[in-house]
Amino acid sequence: MFLFAEILRSIAIVLLIFSASFYLRHLDKIKKQRKLSKTEFTHSIIIQTGYGLIAISLLITVFGR
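Residues numbered from 1 in each chain as written. Predicted model: local features only at pLDDT ≥ 70, side-chain atom pairs only at ≥ 80, totals over all residues. Heavy atoms only, no water.

### Brief notes about the overall build of the protein chain
Alright, step 1. Scanning the protein chain from N- to C-terminus turns up two helices and zero strands.
Alright, step 2. Computed over the C-alpha atoms, the radius of gyration of the protein chain is 15 Å, more than 25% above the 11 Å expected from 2.2 N^0.38 for a compact globule of 65 residues.
Alright, step 3. Considering only C-alpha atoms, the protein chain reaches an extent of 45 × 25 × 15 Å along its principal axes.
Alright, step 4. For the protein chain, the residues scored as buried account for 12% of the 65 residues in total. (Helix = DSSP H or I, 4+ residues; strand = E, 2+ residues; numbered from the N terminus. Rg over C-alpha atoms; globule rule 2.2 N^0.38 Å. Buried < 20%, exposed > 50% of the residue type's maximum accessible area, 1.4 Å probe, protein only.)

This is how it looks when you write it as structure tokens:
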């Protein structure tokens, strides 16, 4: 059961990364056309921070062993 939960968590993380990357690309296209609203700008910062945290956690996982 624990293995199944880990697999589901991994799939969810991958789906969230893909959906966030598409949304970030969409925000970049909008940013070229006009100024981002406060909400869009906040989403952009949160997504970029999330990518950084994921990268740091992967580095800790790989080199921490």
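Past the structure itself, the notes keep going.
### Digging into helix 2 (residues 38–63)
Alright, step 1. When the terminal C-alpha atoms of helix 2 are compared, their 37 Å separation across 26 residues agrees well with the 38 Å that a helix rising 1.5 Å per residue should span.
Alright, step 2. Every buried residue of helix 2 is accounted for by Glu40, Ser44 and Ile47.
Alright, step 3. Against helix 1 (2–33) lie the buried residues of helix 2. (Expected span 1.5 Å × (residues − 1). Contact = heavy atoms within 4.5 Å.)

### Some details on the packing of helix 1 against helix 2
Geometry of a packed helix pair, given as the angle between the helix axes and the separation of the axes.
Alright, step 1. Their axes nearest at 10 Å, the elements helix 1 and helix 2 cross at an angle of 140°. Comparing their axes, helix 2 and helix 1 come out oblique. Relative to helix 2, helix 1 is oriented so that their crossing is left-handed. Every residue of helix 2 that contacts helix 1 at Ile17, Ala20, Ser21, Tyr23, Leu24, Leu27 and Ile30 is listed here: Glu40, His43, Ser44, Ile47, Gln48, Tyr51 and Ile54. (Axes fitted to C-alpha atoms, helices over the stretch in contact; angles between N-to-C directions. Parallel < 35°, antiparallel > 145°, perpendicular 65-115°, else oblique. Left-handed = near helix turned anticlockwise from the far one by under 90°.)

### Considering the pattern of salt bridges
Alright, step 1. For the structure on display, the rule yields one salt bridge.
Alright, step 2. Taking the shortest distance from any N to any O, the salt bridge between arginine 34 and glutamate 40 comes out at 3.2 Å.
Alright, step 3. Taking the relative accessible area as the measure of exposure, arginine 34 reaches 43% and is therefore partly exposed.
Alright, step 4. Given a relative accessible area of 14%, glutamate 40 falls into the buried group. (Salt bridge = Lys/Arg side-chain N within 4 Å of Asp/Glu carboxyl O.)

### What to know about the side chain of serine 44
Alright, step 1. As for its position among the elements, serine 44 is in helix 2.
Alright, step 2. The buried category is assigned to serine 44, whose relative accessible area is 9%.
Alright, step 3. When sequence neighbours within four positions are dropped, the list of residues in contact with serine 44 reads Leu24 and Leu27.

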